[in-house]
Amino acid sequence: MNVTSPSNIAPETLARIIDVGRRLNSTVDMNSLLRQIINEAADLLDCEGVSLLLYDPRRKELRFKATVGEASRQLENQAVPLKGSIAGRIFLNNEAIIVQDVRRTEGWNPKFDAESDFHTRGILGVPLHDGSGQPVGVLEAINKKKGDFDETDVAVLSTFSDLAGAAVSKAQLFDELQQAYFRLNELDRLKSDFIALASHELRTPLSVILGYVSYLREHAKGEQVEQLDLTMKAAMRLRSLIQDMVNLQYVNSAEATTQFETFDLAQIIRAVVVDREETALAKQLTLKLHLPSSPLRLTAEPDMVKLIIDNLVNNAIKFTPAGGRVDVGAALRDEEIWFYVRDTGIGIPVEQLNRIFDRFYQVEPHLKRHYEGLGLGLAIVKELVDLHGGRVWAQSELDKGSEFFVVLPLVPPPPRNTEALRAEPPAK
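Parameters at a glance
- Residues numbered from 1 in each chain as written.
- Predicted model: local features only at pLDDT ≥ 70, side-chain atom pairs only at ≥ 80, totals over all residues.
- Heavy atoms only, no water.
- Helix = DSSP H or I, 4+ residues; strand = E, 2+ residues; numbered from the N terminus.
- Pairing = 2+ DSSP bridges.
- Axes fitted to C-alpha atoms, helices over the stretch in contact; angles between N-to-C directions.
- Contact = heavy atoms within 4.5 Å.
- Buried < 20%, exposed > 50% of the residue type's maximum accessible area, 1.4 Å probe, protein only.
- Phe/Tyr/Trp six-rings, centres within 6.5 Å; stacked < 30°, edge-to-face > 60°.
- Core = buried A, V, L, I, M, F, W, Y, C linked by side-chain atoms within 4.5 Å.
- Left-handed = near helix turned anticlockwise from the far one by under 90°.
- Polar contact = N/O pair within 3.5 Å; in protein donor to acceptor, adjacent residues only side chain to side chain.
- Nonpolar A, V, L, I, M, F, W, Y, C, P; charged D, E, K, R; others polar.

Trainee: I keep staring at the environment of Asn354 and nothing clicks. Help me out?
Mentor: By the element assignment, Asn354 lies in the loop between strand E11 (336–343) and helix H10 (377–387). Counting along the chain gives 40 residues from Asn354 to Ala394, while the straight-line C-alpha distance between them is 8.6 Å.

See the structure below:
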């Protein structure tokens, strides 16, 4: 039997179906939604029982997911084959079916009545559709209390079923998104655990290597000096990568361990610039500092702020070719301190400016890289700035340089949890 037009439905019944559909669409918990659907369907059809079956595409069968009536517990999650069953015929033909006497109907399986101690007389079944009109299951009304199921009942259940099917599809999508979110969180946790373990395990043997190479370098002669210098340089590169990994773990635990204090930001900026002057000189870069004469008093976590500044200055030096210039400055604006690092380096494509603060993101393709690193420096900057209630952004033009801005409030928001032990601070 084909689905009857909703015009057969009384206006008050149609208004009720629409109201129920609105409530169904506001429910995202699948169990609650299925229970609502079968209870409302039983009231609408005035029948002894209602069953909702959903299609399992992997097993290619229908399964009871919710039932109301005496057979509810016994039937839930039992499988129903598509071929040779009434529900399967409804699903495959995508049309409503009325069965007034199941004992005279091909495809009726009496085992469900036997297992649930329930007596089924008549069935009205309609397909359950998703938002695109594809069948995703079957909704069955069992044993009308007064009289037999008729075409008006088909219209009522079919109309209701379309609204219910859309709500089920929405809930399924929400559930899939939740599961994907949980899987991503778990993967992120596993990745963080691996990074923490790897960085810890690598630091000890690297310290031995650096100590031994330093000892050999002091006593080396001739070609050995050059070879040991290359070894030392490679070991220092490895130490820098490991420190990035350590700093990432520092950021991961920073929210629970932040302890603010008031200090002069200008002093930290000067210290970072002094530390980087030798590197800039080796690359034939001009490194300029622009600070006001008065102190820049800031309430923040000093180690974190130093890491922010150091990463940005180091980033500018790293991506600026020989003969270039790096400017570092800060100033007080209202109730905020604005810090900037400006360079004449290679620049960043405009379309990638919003991605450079993502963890592990690299502007260069990983197989054609000219610059070393894990892609963590700017991500660490962003997360530490966020932790202080600040803002960070960049503006850039290819082959002309980049400018990074960090804005920190003079008094940051209070930390959410200051009771945990302090995390390991970044390298000085």
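Trainee: Looking at this structure, I do not really get the sheet that holds strand E5 (residues 123–129). What am I missing?
Mentor: Within a sheet, neighbouring strands are paired by backbone hydrogen bonds and run either parallel or antiparallel to one another. Here we have six strands laid out as an open sheet, ordered E3-E2-E1-E6-E5-E4, and antiparallel in their pairing. Two strands close off the open sheet at either side, each with one partner strand: strand E3 (79–81) and strand E4 (97–99). Across the sheet, the axes of successive neighbouring strands diverge by a mean angle of 30 degrees, strand direction being ignored. Against the sheet, helix H4 (residues 86–93) engages strand E1 (47–56), strand E2 (61–68), E3, E4, E5 and strand E6 (135–144), with an angle of about 135 degrees to E6.

Trainee: I keep staring at unusual backbone geometry and nothing clicks. Help me out?
Mentor: Peptide bonds are, in most cases, trans, and in most cases residues other than glycine have a negative phi. For Asn94, which is not glycine, the phi torsion reads 55 degrees and is therefore positive. Note on placement: Asn94 falls in the loop between H4 and E4. The exposure class assigned to Asn94 is partly exposed, which follows from its relative accessible area of 34%.

Trainee: Where do I start with the packing of aromatic side chains in this structure?
Mentor: Per the counting criterion, the structure on display carries five aromatic pairs. Here the aromatic rings of Phe357 and Phe404 are separated by 6.2 Å at their centres, their planes lie at 80 degrees, and the arrangement is edge-to-face. Within this pair, whereas Phe357 is found in the loop between E11 and H10, its partner Phe404 is found in strand E13 (residues 401–409), the two being separated by 47 residues in sequence. Accessibility classification places Phe357 together with Phe404 in one group, the buried group.

Trainee: Can you help me understand the nonpolar core in this one?
Mentor: Across soluble globular proteins, nonpolar side chains have a tendency to be buried as a group. Counting residues in hydrophobic clusters, the biggest one holds 45 residues, and the most contacted among them are Leu265, Ile309, Leu312, Val328 and Phe339. Of all elements in the fold, only helix H8 (265–282), strand E9 (297–300), helix H9 (302–318), strand E10 (325–333), E11, H10, strand E12 (391–397) and E13 reach the threshold of two or more residues within this core. Per-element tally for this core: the top contributor is H9, with nine residues. Setting aside residues up to four positions removed in sequence, Phe339 forms contacts with Ile269, Ile309, Leu312, Val328, Gly329, Ala330, Phe404, Phe405 and Val406. Counting 35 residues, the second largest nonpolar core, distinct from the first, contains Cys47, Leu54, Ala96 and Val126.

Trainee: What is the right way to look at the sheet that holds E12 in this model?
Mentor: Read across the open sheet, the five strands follow the order E8-E10-E11-E13-E12; overall the sheet is mixed. Unpaired on one side and paired on the other, strand E8 (286–290) and E12 mark the two borders of the sheet. Averaged over neighbouring strand pairs, the angle between their axes works out to 10 degrees when direction is ignored. The pairing of E11 with E13 spans seven bridges and is antiparallel. Directly across from Phe339, in E13, lies its bridge partner Val406. Strands in contact with H9 are E10, E11 and E13; relative to E11, the strand with the most contacts, it is inclined by about 20 degrees. The strands touched by H10 within the sheet are E12 and E13, with E12 carrying the most contacts at an inclination of about 145 degrees.

Trainee: Before we go on, may I ask you to explain the environment of Leu332 in this structure?
Mentor: Within the element layout of this structure, Leu332 appears in strand E10. Residues Leu332 and Arg297, spaced 35 residues apart in sequence, show a C-alpha to C-alpha distance of 9.2 Å.

Trainee: How do you make sense of the packing of H9 against H10 when you look at a structure like this?
Mentor: Two packed helices can be described by the angle between their axes and the distance between those axes. Taken N-terminus to C-terminus, the directions of H9 and H10 make an angle of 145 degrees; their axes are 9 Å apart at the nearest point. Once H9 is placed against H10, the crossing between them reads as left-handed. Packed against H9, whose contacting residues are Met304, Leu307, Ile308, Asn311, Leu312 and Asn315, the element H10 presents Gly377, Leu378, Ile380, Val381, Leu384, Val385 and Leu387 at the interface.

Trainee: Looking at this structure, how should I read the pairing of E2?
Mentor: Regular strands show a simple pattern: their side chains alternate between the two faces of the sheet. Buried residues dominate E2, accounting for six of its eight residues. Of the pairings in the sheet, the one linking E1 to E2 comprises seven bridges and is antiparallel in character. The residue of E2 that forms the bridge with Tyr55 is Leu62. Hairpin connection of E1 to E2: four residues between the antiparallel strands, including Lys60 at a positive phi of 55 degrees. Of the strand pairs in this sheet, E2 and E3 are connected by three bridges, and their pairing is antiparallel. Of the residues in E3, the one forming a bridge with Leu62 is Val80.

Trainee: What exactly am I supposed to notice about the side chain of Ser402 here?
Mentor: By the element assignment, Ser402 lies in strand E13. Exposure remark for Ser402: the relative accessible area of 7% places this residue in the buried category. At a separation of 2.8 Å, a polar atom in the side chain of Ser402 contacts the side chain of Ser396. Beyond its immediate sequence surroundings of up to four residues, Ser402 is in contact with Val341, Arg342, Asp343, Gly347, Ile348, Gln395 and Ser396.

Trainee: I tried to follow the side chain of Ser396 on my own but got confused; where do I start?
Mentor: Within the secondary structure layout, Ser396 lies in strand E12. On the accessibility criterion, Ser396 (16% relative accessible area) is buried. Within the structure, the side chain of Ser396 is placed 2.7 Å from the backbone nitrogen of Ile348, a separation counted as a polar contact. Those residues in contact with Ser396, other than ones at most four positions away along the chain, are Gly347, Ile348, Val350, Leu353, Gly401 and Ser402.

Trainee: Whenever I open this one, the packing of H8 against H9 confuses me. Can you help?
Mentor: Where H8 contacts H9, the two axes come as close as 10 Å, and the packing angle between them is 35 degrees. Handedness of the H8/H9 crossing: right-handed. Along the contact surface, H8 presents Leu265, Ile268, Ile269, Val272, Asp275, Arg276, Thr279 and Ala280, while H9 presents Pro302, Val305, Lys306, Ile309, Asp310, Val313, Asn314 and Ile317. Across the contact of H8 with H9, the residue classes tally to ten nonpolar, two polar and four charged.

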